[in-house]
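Commentary on secondary and tertiary structure
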Amino acid sequence: MDSANGRERRRVDRSAVAALFPVIALIPFWLLALAVVWLPLRLVVDIPYWVLPVGWLIAGLALFVPSVQALVLSPVFGARKPTPDELAIITPIWRELAVSANLPQYRYTIRVIDSDELNAFACGGNLLIVTSFALDELTSRQLSGVLAHELSHHLGLHTAALTIGHWLSLPVLALARIGFYLQNVARAATDSFASHSAALTAVGQVAAAVLNGVAWVFLAALHASDALSNVVAQSSEYEADRRAVRMGYGRALADALRTVIRLGGGDRAIGWRARLGTSHPPARTRVARIEAMLRHPSL
């Protein structure tokens, strides 16, 4: 492990600020989705519209409470508590990492996903998730580099906007799915009950087309927000790598990325659509940048 450079504090960096733009782009569609929910709801309960977005935001803020993150987000990602054997691997690494960063060891929670993919990610504000395959395949030194990288995402506040964006996207996604479902219902009802009438068939087709259009509006908003988030996320990966290098885990992280490459992962996306669909830069590019930063710490 390289020598660490002192205390690491949470600090909003450029990637964290840039991550707000996909959230801002999603807000109009989120408000529209809540309006669609509010219109029939107000026929049953007399509440003003602003209660829905304010209530949704307040509920979303609870996701930044560490205990709520572990309770709510872990099942969402299919994560679990580490087994005793896994804790035997993680605990000494995490203890050393916390000491190196001069952070309380208890501030962050680590969970495990059973997966045959070598991966780890940060979410919420205090949650780190690592795959069982990564625990099996990586050496303790390499795993320390991976966890330092994920901790760096939290220290750079990269996950804050991402968590907010995912929370805002839930009603948008729900409306898109409901729209497609109702479109299918309208089409099936038209075929079954209105096929004998040209007028009713036309009405059914128009209803199905409108529902399809509404669903695609919400779905397109989600795709656009996701693509913009992925562009920002690639920048945040480099920022997290840079912070991990400053913390003294650059070589360990580079070695972990070389293992990813050896196992056939981390390839460069081919074509602009593939690049918009991936949130991580190529592993080889990240290794090259880390090596450059190790040779020239001022970079």
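Before reading further, recall that the structure is shown in the block above.
A brief report on the enclosed structure follows. (Residues numbered from 1 in each chain as written. Predicted model: local features only at pLDDT ≥ 70, side-chain atom pairs only at ≥ 80, totals over all residues. Heavy atoms only, no water.)

What follows is about the overall build of the protein chain. In terms of helices and strands, the protein chain carries 12 helices and three strands. Per-residue burial over the protein chain gives 44% buried out of 299 residues. Here the analysis covers contacts within the protein chain between residues at least 6 apart in sequence; of these, 73% occur between residues at least 24 apart. Of the roughly 15,700 Å² of accessible surface on the protein chain, 65% is carried by carbon and sulfur atoms. (Helix = DSSP H or I, 4+ residues; strand = E, 2+ residues; numbered from the N terminus. Buried < 20%, exposed > 50% of the residue type's maximum accessible area, 1.4 Å probe, protein only. Contact = heavy atoms within 4.5 Å. Areas by Shrake-Rupley, 256 points an atom, 1.4 Å probe, with all protein chains shown as cover.)

Moving on to the nonpolar core. Within the largest apolar cluster, 37 residues are counted, with the highest numbers of intra-cluster contacts made by Trp94, Leu97, Val130, Leu151, Met247 and Ile290. Broken down by secondary-structure element, the contributors of at least two residues to this core are helix H5 (84-101), strand E1 (109-113), strand E3 (127-131), helix H6 (132-137), helix H7 (140-155), helix H9 (198-246), helix H10 (250-262) and helix H12 (283-295). Every residue in contact with leucine 151, bar those within four places of it in the chain, is listed here: Trp94, Leu97, Ala101, Leu103, Tyr108, Leu128 and Met247. Within the second largest apolar cluster, 17 residues are counted, among which are Trp38, Leu168, Val172 and Ala176. (Core = buried A, V, L, I, M, F, W, Y, C linked by side-chain atoms within 4.5 Å.)

Note that strand E2 (residues 120-123) and E3 share four bridges and pair antiparallel. Bridge pairing links alanine 122 to leucine 128 in E3. A loop of three residues connects E2 with E3, the two strands running antiparallel in sequence, and glycine 124 in this loop sits at a positive phi of about 65°. (Pairing = 2+ DSSP bridges.)

Another aspect to go through is the environment of glutamate 86. Here glutamate 86 shows up in helix H5. The class of glutamate 86 is buried, set by a relative accessible area of 10%. In sequence terms glutamate 86 and aspartate 136 are 50 residues apart; their C-alpha atoms lie 9.1 Å from each other. Discounting residues that sit within four places of it in the chain, glutamate 86 has contacts with Arg80, Lys81, Val112, Ser132 and Leu135.

Scanning the entire structure with this criterion turns up four aromatic pairs. Pairing tryptophan 56 with tryptophan 167 gives two aromatic rings, centres 4.5 Å apart and planes at 20°, and the pair type is stacked. Taken together, the residues span a long stretch of sequence, with tryptophan 56 in helix H3 (residues 51-61) and tryptophan 167 in helix H8 (residues 158-193) at a distance of 111 residues. A relative accessible area of 25% means that tryptophan 56 is categorised as partly exposed. In this structure, arginine 289 is placed above the aromatic ring of tyrosine 238, and the distance from its NZ or CZ to the ring centre is 3.8 Å. (Phe/Tyr/Trp six-rings, centres within 6.5 Å; stacked < 30°, edge-to-face > 60°. Lys NZ or Arg CZ within 6 Å of the ring centre and 35° of its normal.)

Glancing now at the pattern of salt bridges. In this structure the tally under the stated criterion is eight salt bridges. Between aspartate 255 and arginine 141 there is a salt bridge whose closest N-O contact spans 2.3 Å. You can see aspartate 255 sitting in helix H10 and its partner arginine 141 sitting in helix H7, a full 114 residues away along the chain. When the shortest N-O distance is used, the salt bridge between glutamate 239 and arginine 242 registers 3.4 Å. Taken as a pair, glutamate 239 and arginine 242 lie in helix H9 at a separation of three residues, close to a single helical turn. Bridged by salt links that share partners, the residues Arg141, Asp255, Arg258 and Glu291 form one connected network. (Salt bridge = Lys/Arg side-chain N within 4 Å of Asp/Glu carboxyl O.)

At a minimum axis distance of 9 Å, the contact between helix H2 (residues 20-41) and H3 shows a crossing angle of 120°. Between H2 and H3, the angle is such that the two are oblique. Note on packing geometry: the crossing formed by H2 with H3 is right-handed. Contact residues: H2 offers Trp30, Leu31, Leu34, Val37, Trp38 and Leu41, while H3 offers Leu52, Pro53, Trp56 and Leu57. Grouping the amino acids of the contact of H2 with H3 by side-chain chemistry returns 10 nonpolar, no polar and no charged. (Axes fitted to C-alpha atoms, helices over the stretch in contact; angles between N-to-C directions. Parallel < 35°, antiparallel > 145°, perpendicular 65-115°, else oblique. Left-handed = near helix turned anticlockwise from the far one by under 90°. Nonpolar A, V, L, I, M, F, W, Y, C, P; charged D, E, K, R; others polar.)

Counted at 1.5 Å a residue, the expected span for H5 with its 18 residues is 26 Å, and the 25 Å between its end C-alpha atoms agrees. For H5, the principal kink sits at isoleucine 90 and spans about 30°; a proline, proline 92, occurs within the next four residues. Looking only at H5, the buried set comprises Glu86, Ile90, Ile93, Trp94, Leu97, Ala98, Ser100 and Ala101. At the C-terminal side of H5, asparagine 102 shows a positive phi close to 55°. (Expected span 1.5 Å × (residues − 1). Bend = angle between axes of the 7 residues up to and from the residue.)

Let us now look at the sheet that holds E3. Read from one edge of the open sheet, three strands run E1-E3-E2, paired in mixed fashion. Two strands lie at the open edges of the sheet, namely E1 and E2, each paired on one side alone. Averaged over all pairs of adjacent strands, the angle between their axes in this sheet comes to 25°, without regard to strand direction. Packing against the sheet, H7 makes contact with E1, E2 and E3, and its axis sits at approximately 20° to E2.

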